[in-house]
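# Coordinate analysis (summary)
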Amino acid sequence: MGISFALSEEQEELRGVVRQFARDKVAPRAQDMNQRAELPLDLVHEMGEMGLFGLPFPVEYGGSGGTYFDLCLAIEEIGRIDQSLGITLEAAVGLGAMPIWKFGTEEQRRRLLPPLSRGEQLAGFGLTEPGGGSDAGALRTRAVPDGDGWLINGSKSFITNVGTPISAFVTITAVTNDNPREISNLIVPRDTPGFTVAAPYRKVGWHASDTRELAFDDCRIPAGNELGERGRGFANFLAILDEGRIAIAALAVGSIQGCVDECVRYAQEREAFGKPIGSYQAIAFKIADMQASAELARNQYWHAAWLMSEGRPFKRQASIAKLYATEAAVTAAREACQVFGGYGFMTEYPVGRFYQDAKILEIGEGTSEIQRMLIARDLGLPH
């Protein structure tokens, strides 16, 4: 039939290398990272040296010459140990660097992509605003012509990777005409006067991920910082989100598989009523259901990534993958905490951290409700 789920030799090697890095370097520090709520830049730099931030970009732009699916494999393995570092990789590549690769001029690509691909710099993706989450089209940020540049006023919320010492710029959406339908993308360097990055949010989860609100007060950028065709900014950013949903699904699969890993180990060691708790059907069935969810969710994001790589329509499948994987991750984390009992409620244990981190997966890069709406529209239902 010509159907294959086999990874190439290079992909198997990539997955193995990232898995070993996550176990050896990330796992011993995951609890401290979570407690301190600090992004470990030394691990970010090491991931850059491994080529993870450049996986889907050509070698001539500092990349590894791989594919978006390769990136997803890496995100899953990092997320299997720590979700904060997993989302840092996902947002840095899929949201921060990808708009430059897809919509930038050749000069912008050659200037901006190499340090991003090497993990030397991070970039943010500024779409969401305080008054517009799922309604991403309700933009209030405005950019007006100012000599040979643009003057920006407005704000963005819940933006990742913009407040670290290596954060270089953020790409944003802004209305660039009296017509509110003309939305364009602009590149705003971190040190631009009038561009303010607020203190980090105090979040329920993803504690070690950098997430902040941005403000633009008469923030002036040159005309050369326009990104892509004027008036195409909203459509371009939505296209980035279509791909990003596959990566978020991969991150969710990492969370589910991490829960399975921890529960299998614990269920073999922990005893109750004279025997390991894994011998009881109530526990064994929970873990079996988690593994079934991990396999199904993985197949969904693999399929979406394959469609994308083949140049076929993939939006519906990306939404399905994101919807199923993220909701399954929330369920798996809840059940994993139940397997661990009281210990599952402690963030010194991985399942406690998976539990705190899981909920945002159903919200970021399009809520579950938005995914259902997109799937329904793609089926031809009226809207």
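Here we summarise the structure given alongside this text. (Residues numbered from 1 in each chain as written. Predicted model: local features only at pLDDT ≥ 70, side-chain atom pairs only at ≥ 80, totals over all residues. Heavy atoms only, no water.)

When helices and strands are counted, the chain shows eleven helices and ten strands. Relative to the 2.2 N^0.38 estimate, which gives 21 Å for 383 residues, the radius of gyration of the chain is 21 Å and therefore close to what a compact globule would have. Referenced to the eigenvectors of the C-alpha coordinate spread, the extents of the chain come out at roughly 80 × 50 × 40 Å. Expressed as a percentage of the 383 residues in the chain, the buried residues total 53%. Looking at the chain as shown, the accessible area adds up to about 17100 Å², and 52% of this sits on carbon and sulfur atoms. (Helix = DSSP H or I, 4+ residues; strand = E, 2+ residues; numbered from the N terminus. Rg over C-alpha atoms; globule rule 2.2 N^0.38 Å. Buried < 20%, exposed > 50% of the residue type's maximum accessible area, 1.4 Å probe, protein only. Areas by Shrake-Rupley, 256 points an atom, 1.4 Å probe, with all protein chains shown as cover.)

One ladder, built from five bridges, connects strand β2 (residues 142–146) with strand β3 (residues 149–160); its direction is antiparallel. Directly across from D146, in β3, lies its bridge partner G149. What sits between the antiparallel neighbours β2 and β3 is a turn of two residues, in which G147 has the positive phi angle 65 degrees. (Pairing = 2+ DSSP bridges.)

In this fold, G154 is placed in strand β3. Its relative accessible area of 25% is what places G154 among the partly exposed residues. In sequence terms G154 and K275 are 121 residues apart; their C-alpha atoms lie 61 Å from each other. If we ignore the near neighbours within four places in the chain, the residues touching G154 are T141, L214, A215 and F216. (Contact = heavy atoms within 4.5 Å.)

Attention now goes to the packing of aromatic side chains. Summed over all chains, the structure comprises nine aromatic pairs. With centroids separated by 4.0 Å and ring planes inclined at 15 degrees, the aromatic side chains of Y266 and F340 adopt a geometry described as stacked. You can see Y266 sitting in helix α7 (residues 233–269) and its partner F340 sitting in helix α9 (residues 315–340), a full 74 residues away along the chain. Neither residue differs from the other here; Y266 and F340 are each classed as buried. Through pairs of rings, three or more aromatic residues link up here, namely Y266, F340, Y343 and Y349. (Phe/Tyr/Trp six-rings, centres within 6.5 Å; stacked < 30°, edge-to-face > 60°.)

Counting 94 residues, the largest nonpolar core has L89, I246 and Y301 as its most contacted members. In terms of residues, this core owes the most to one element, α7, which gives 17 residues. In contact with I246, not counting residues within four places along its chain, are Y68, C72, Y301, A304, A305, M308, F314 and A318. (Core = buried A, V, L, I, M, F, W, Y, C linked by side-chain atoms within 4.5 Å.)

Packed helices, taken two at a time, are described by the angle their axes make and the gap between the axes. Running from N to C, α7 and helix α8 (residues 281–309) point in directions that differ by 155 degrees, and their axes come no closer than 9 Å. When the interaxial angle is binned, α7 and α8 end up roughly antiparallel. For the pair α7 and α8, the crossing hand works out as left-handed. Residues E243, I246, A249, A250, V253, I256, Q257, C259, V260, C263, V264 and A267 of α7 form the contact with α8, whose own contacting residues are I283, I287, M290, Q291, S293, A294, A297, R298, Y301, A304, A305 and M308. Across the contact of α7 with α8, the residue classes break down as 19 nonpolar, three polar and two charged. (Axes fitted to C-alpha atoms, helices over the stretch in contact; angles between N-to-C directions. Parallel < 35°, antiparallel > 145°, perpendicular 65-115°, else oblique. Left-handed = near helix turned anticlockwise from the far one by under 90°. Nonpolar A, V, L, I, M, F, W, Y, C, P; charged D, E, K, R; others polar.)

The subject of this paragraph is a nonpolar patch on the surface. A contiguous nonpolar patch, built from F345, M346 and Y355 and spanning about 350 Å² of accessible area, is present on the exposed surface. Along the chain, M346 falls in the loop between α9 and α10 (350–358). Of the residues examined, M346 reaches a relative accessible area of 40% and is grouped as partly exposed. (Patch = residues over 30% accessible without salt bridge, like charges linked within 9 Å, V, L, I, M, F, W, Y side chains within 5 Å. Salt bridge = Lys/Arg side-chain N within 4 Å of Asp/Glu carboxyl O.)

Turning to unusual backbone geometry, a few remarks are in order. A negative phi holds for most residues other than glycine; trans holds for most peptide bonds. Here the phi dihedral of N161 falls at roughly 70 degrees; this positive angle occurs in a residue that is not glycine. By the element assignment, N161 lies in the loop between β3 and β4 (167–175). On the basis of relative accessibility, which here comes to 0%, the residue N161 falls in the buried class. One non-glycine residue, F273, lies in positive phi territory at about 55 degrees. Given a relative accessible area of 82%, F273 falls into the exposed group.

All right, on to the environment of S309 then. Residue position: S309 is located in helix α8. You can call S309 exposed: its relative accessible area is 55%. Along the primary structure S309 and T67 are separated by 242 residues, whereas in three dimensions their C-alpha atoms are 8.0 Å apart.

What follows covers the pairing of strand β7 (residues 211–222). Strand direction decides the pairing type here: β3 and β7, joined by nine bridges, are antiparallel. By the bridge assignment, S155 is partnered in β7 with A215. Two strands pair when backbone bridges link them, and strand β6 (residues 195–197) and β7 are joined in this way by three bridges, in the antiparallel orientation. Of the residues in β7, the one forming a bridge with V197 is L214.

Turning our attention to helix α4 (residues 68–79). With twelve residues, α4 ought to run about 16 Å at 1.5 Å a step, and its terminal C-alpha atoms sit 16 Å apart, in line with that. Among the twelve residues of α4, twelve are classified as buried, and the element is accordingly described as predominantly covered. Its buried side turned inward, α4 meets α1 (9–26), α5 (83–103), α7, α8 and α10. (Expected span 1.5 Å × (residues − 1).)

For the structure shown, the criterion picks out 27 salt bridges. E269 is the salt-bridge partner of R265, the closest N and O atoms lying 3.1 Å from each other. Here the residue R265 and the residue E269 both occupy positions in helix α7, the gap between them amounting to four residues, near one helical turn. Here E269 falls in the exposed class, since its relative accessible area comes to 53%. The salt bridge partner of R298 is E295, with a shortest N-O separation of 3.8 Å.

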